[in-house]
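Chains, contacts and geometry: an overview
Chain by chain, the residues:
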Amino acid sequence: MKKLIMLAATCVALGSATAAIAAGDATAGKAKSALCVACHNPDGNSTNATYPKLAGQSADYLNKQLMEFKSGARVNAIMLGMVATLTPQDMEDLSAYYASQQITRDAADPALAPAGEALFRGGNLTSGVSACMACHGATGAGNPAAKFPALAGQHATYIETQLKAFRAMERANDAGQMMRSVAAKMTDPEIKAVSSYIQGLQ
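Our subject in this report is the structure included herewith. (Residues numbered from 1 in each chain as written. Predicted model: local features only at pLDDT ≥ 70, side-chain atom pairs only at ≥ 80, totals over all residues. Heavy atoms only, no water.)

**Some words on the pattern of salt bridges**
Rules: Salt bridges are defined by distance alone: a side-chain nitrogen of Lys or Arg within 4 Å of a carboxyl oxygen of Asp or Glu.
Summed over the entire model, instances satisfying the criterion amount to nine salt bridges. As a salt-bridge pair, arginine 180 and aspartate 174 come within 2.7 Å of each other at their nearest N and O atoms. Look at the salt bridges and you will find they share partners, linking Lys32, Asp90 and Asp93 into a network.

Now the structure itself:
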């Protein structure tokens, strides 16, 4: 029994050490972010609504996306070119840098916000759409441990595009097909409304 406890403790210690070694360096990430600026701006707050805001997103989620762009698990021609020469450490550093930035907030469309909030907080019991906050949190802050992204403040246009991509099975890097299953039950008006509400989340 003592041997098992010691083995478990050793595994935990090694895991912590590995995590510490693999952790990204935000300062190094800032220096490496020059190739990202054209689309995502210096601080990760893109002004083009078709490109996501990276600022304030969890480092683990950002790193997962970069790795999956590189592996082809997530398909995007622009990002494939951007990650082609990145090393695992580069990706860790860039993720750490953008995670350290503060996201800028935008407003929701007042005409869409009530329907969007109802869907975000309660889902649609009739069609079986799950509440967004079940995975992404009541404030849209995400769940870093599960690699569920923060949503609050993200561009509505970008969110809408991603939900439609999940619904069309064009984006397929969601664990257990969770997002594909949810989006498959969503109508265009629901997607537009919840995307707008998310943009205005504070």
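Back to the write-up after that little detour.
**As for the state of the cysteines**
For clarity, the threshold we go by: Two cysteine sulfur atoms make up a disulfide if the distance between them is within 2.5 Å. Only protein chains enter the calculation, and the probe is 1.4 Å; a residue is then buried if its accessible area is under 20% of its type maximum, exposed if over 50%, and partly exposed in between.
According to the stated counting rule, one finds zero disulfides in the structure shown. There is no disulfide at cysteine 36, and the cysteine sulfur nearest it, in cysteine 39, is 8.8 Å away. Overall, cysteine 36 belongs to the buried group, its relative accessible area being 14%. Free of any disulfide, cysteine 132 has its nearest neighbouring cysteine sulfur in cysteine 135, separated by 9.1 Å.

**A word on the environment of threonine 50**
Rule in force here: By definition, any uninterrupted DSSP run of H or I lasting at least four residues is a helix, any uninterrupted run of E lasting at least two residues is a strand, and each is numbered from the N terminus. Throughout this description, a polar contact denotes any pair of N or O atoms lying within 3.5 Å of each other; where both atoms belong to protein, one of them has to be capable of donating a hydrogen while the other can accept it, and for residues adjacent in sequence the pair is counted only when both atoms sit in side chains.
By the secondary structure assignment, threonine 50 is in the loop between helix H3 (37-40) and helix H4 (59-71). Given the relative accessible area of 47%, threonine 50 is considered partly exposed. Put simply, threonine 50 and alanine 156 are 106 residues apart on the chain and 8.9 Å apart in space, counted from C-alpha to C-alpha. In terms of polar contacts, threonine 50 uses its side chain to reach the side chain of asparagine 48, at 2.7 Å.

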